Amino acid sequence: MMVRVEGVLDTAQVAELRALIESGEWVDGNETSGHQSRTAKRNRQLRQGSQTEQEAGRMVLDALGRTPEFIAAALPLKVFPPLFNRYEGGETFGAHVDNSIRRLDGTDFRIRSDLSATLFLADPDSYGGGELIVEDLFGEHRVKLPAGDLVLYPASSVHRVTPVTSGARIGSFFWLQSMVRDPGEREQLYRLDRTVRLLSSERGPSDGAVLELTNLYHNLMRRWADA
Ligand SMILES: O=C(O)CCC(=O)C(=O)O
Ligand SMILES: [Fe+2]
C-alpha cells in the first residue's frame, strides 16, 4: 500500500526546516548506503549524527506525531531518526532495495524496515525530474509531491529517484517498523480506521454502528499488533 499524507508540515514549517538544514554540513550520500544501493546512489546528505540533523529530525518526528493520517496508515512502533538528502546537477538514485534491518550507528537501536517514507521539502516546480518511482507487480508509481507532503511506501519495494535535471530536490527520508508487520493486515486496519472516522463525523462517536466498528478496530489491533 502506498499512502500520500498531506500537510505534514505547513509552508512556514517547511521554510524553518529548510533554513536549519541548509546551515548544516552536507556529505556524500553513500555514507549511509547498504552494499547494493551504493553503486546506484548519487546525491548528498546532511551529515548523519550531526547536531543539525538531530534537531531537524526532531522537527520531523514532532510533525509526524501531530499527523493522525500518518499514524493511522503506518501504525508506527519504532521510527528511524529521519535523514535529509538533496539531489542536483543530474544526481539520482538508481533502482535499489532498502536494507531489511537498520541499526543506528554507535547504538543498539535497531528496526525492521516495514515502511519507507519520503517527506518532500522543495516545491515541485523548483526542480526538474526527481520523481520517486516505486515498483510493484502492477507497474511503476511515480511520486513528486508538494513541499510538506509525505509518501509512505513498502520498504520491500524496488524503487529509484530519477535524475534531477534542474534546481534541487530536497527531502527527508526514513524507515519505520510498524506495530503491524503484515502489510495486508495493516491496510485493512487503515481502511477500517478511515471508515470509522468518516462515519463518526456523520453520526457522532456514540452512534451504535460507530461504536461497534470502533470495537472491531481495536479487537483486530489486539490480534495483529505488537506494542
Ligand atoms: O530520496 C528519496 O526520496 C528516497 C531515498 C531512498 O530511497 C533511500 O535513501 O534509500
Ligand atoms: Fe531507498
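- If you look the chain up in an unreviewed UniProt entry, it shows as Fe2+-dependent dioxygenase from Qipengyuania benthica.

1. Quick word on the pattern of salt bridges
Point 1. If you walk through the whole model with that rule in mind, you get 15 salt bridges.
Point 2. The salt bridge involving glutamate 140 is made with arginine 160; its shortest N-O contact spans 3.0 Å. With glutamate 140 in strand E13 (residues 139-143) and arginine 160 in strand E15 (residues 159-161), the pair connects residues that are 20 residues apart, well separated along the chain.
Point 3. Taking the relative accessible area as the measure of exposure, arginine 160 reaches 23% and is therefore partly exposed.
Point 4. The partner of arginine 203 in a salt bridge is aspartate 207, and the shortest N-O contact between them spans 3.4 Å.
Point 5. On the basis of relative accessibility, which here comes to 49%, the residue arginine 203 falls in the partly exposed class.

2. Digging into the packing of aromatic side chains
Point 1. Summed over all chains, the structure comprises three aromatic pairs.
Point 2. Consider the rings of phenylalanine 173 and tryptophan 175, whose centres lie 5.6 Å apart with planes at 90°: the pair is edge-to-face.
Point 3. Taken together through their ring pairs, the aromatic side chains of Phe80, Phe173 and Trp175 make up a single cluster.
Point 4. Note that arginine 102 overlies the ring of tryptophan 175, its terminal NZ or CZ placed 3.8 Å from the centroid.
Point 5. If you follow lysine 144 out to its NZ or CZ, it ends over the ring of tyrosine 127, 4.3 Å from the centre.

3. Quick notes on helix H3 (residues 51-65)
Point 1. Taking 1.5 Å per residue, 15 residues should reach 21 Å; H3 reaches 21 Å between its end C-alpha atoms and fits that length.
Point 2. All buried positions along H3 are accounted for by Thr52, Glu53, Ala56, Gly57, Val60, Ala63 and Leu64. Mapping the buried residues of H3 onto a view down its axis gives an arc of 125°, with all of them on the same face. For H3, the exposed residues set more than 90 degrees away from the buried face come down to Gln51, Arg58 and Gly65.

What counts and what doesn't
- Residues numbered from 1 in each chain as written.
- Chains lettered and ligands numbered in written order.
- Predicted model: local features only at pLDDT ≥ 70, side-chain atom pairs only at ≥ 80, totals over all residues.
- Heavy atoms only, no water.
- Salt bridge = Lys/Arg side-chain N within 4 Å of Asp/Glu carboxyl O.
- Helix = DSSP H or I, 4+ residues; strand = E, 2+ residues; numbered from the N terminus.
- Buried < 20%, exposed > 50% of the residue type's maximum accessible area, 1.4 Å probe, protein only.
- Phe/Tyr/Trp six-rings, centres within 6.5 Å; stacked < 30°, edge-to-face > 60°.
- Lys NZ or Arg CZ within 6 Å of the ring centre and 35° of its normal.
- Expected span 1.5 Å × (residues − 1).
- Arc of directions from axis to C-beta.

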